[in-house]
Amino acid sequence: QVQLVESGGGLVQPGGSLRLSCAASGGTFSLHTMAWFRQAPGKEREFVVAISRSGEATHYTDSVKGRFTISRDNAKNTVYLQMSSLKPEDTAVYYCAARLFGVPTMTARTYFAWWGQGTQVTVSS
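Residues numbered from 1 in each chain as written. Predicted model: local features only at pLDDT ≥ 70, side-chain atom pairs only at ≥ 80, totals over all residues. Heavy atoms only, no water.

J.: Looking at this structure, how should I read the overall build of the chain?
T.: Each helix and strand counted, the chain has zero helices and 11 strands in total. For the chain, the N- to C-terminal ordering of α and β elements is β-β-β-β-β-β-β-β-β-β-β. In terms of C-alpha radius of gyration, the chain reaches 13 Å, essentially the compact-globule figure of 14 Å for 125 residues. Projecting the C-alpha coordinates of the chain onto the three principal axes gives extents of approximately 40 × 25 × 25 Å. Burial status across the chain gives 43% buried among its 125 residues. Excluding contacts between residues fewer than 6 apart, the proportion of contacts in the chain whose partners are at least 24 apart in sequence is 60%. Roughly 6,200 Å² of accessible area belongs to the chain as shown, and the carbon and sulfur atoms make up 48% of that amount. (Helix = DSSP H or I, 4+ residues; strand = E, 2+ residues; numbered from the N terminus. Rg over C-alpha atoms; globule rule 2.2 N^0.38 Å. Buried < 20%, exposed > 50% of the residue type's maximum accessible area, 1.4 Å probe, protein only. Contact = heavy atoms within 4.5 Å. Areas by Shrake-Rupley, 256 points an atom, 1.4 Å probe, with all protein chains shown as cover.)

J.: Which parts of the structure should I look at to understand a nonpolar patch on the surface?
T.: A cluster of nonpolar residues, Leu31, Leu100 and Phe101, forms a patch on the protein surface that exposes about 240 Å² of accessible area. Assignment of secondary structure puts Leu100 in strand 9 (residues 92-100). Exposure remark for Leu100: the relative accessible area of 38% places this residue in the partly exposed category. (Patch = residues over 30% accessible without salt bridge, like charges linked within 9 Å, V, L, I, M, F, W, Y side chains within 5 Å. Salt bridge = Lys/Arg side-chain N within 4 Å of Asp/Glu carboxyl O.)

J.: In this structure, what is going on with unusual backbone geometry? I would like to understand it.
T.: Keep in mind that most residues, glycine aside, have a negative phi and that most peptide bonds are trans. Phi at Asn77 is positive, roughly 55°, even though this residue is not glycine. Within the secondary structure layout, Asn77 lies in the loop between strand 7 (68-73) and strand 8 (78-83). The backbone of Phe101 sits at a positive phi, close to 60°, despite the residue not being glycine. Checked against the element boundaries, Phe101 lands in the loop between strand 9 and strand 10 (114-115).

What follows is the structure, encoded as structure tokens:
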């Protein structure tokens, strides 16, 4: 059983930056592909980005390429999402997710067995 706890959300102006963190416990972190999803009000939860177990491979949804960067520290059991050039349309609850093994191109929600509680990101002036 893996537990995930996100942090770092908040209110930021358009063009600003935020760094989300997701701390994992209860499993062997380095065996899990990690991902970030987001859910805006009235919309379905959507894939944002994933990172391989070693951290060498990543996969981004097109709308965040060049603005968001995912990374992980297997020694700290933590995955990060650095978000820059934020837009109002990035406003959502951001969720951390984990699946045992897998690859970053597996983007469907059903591939991920463990989820955090989410952290709110609001981009507004």
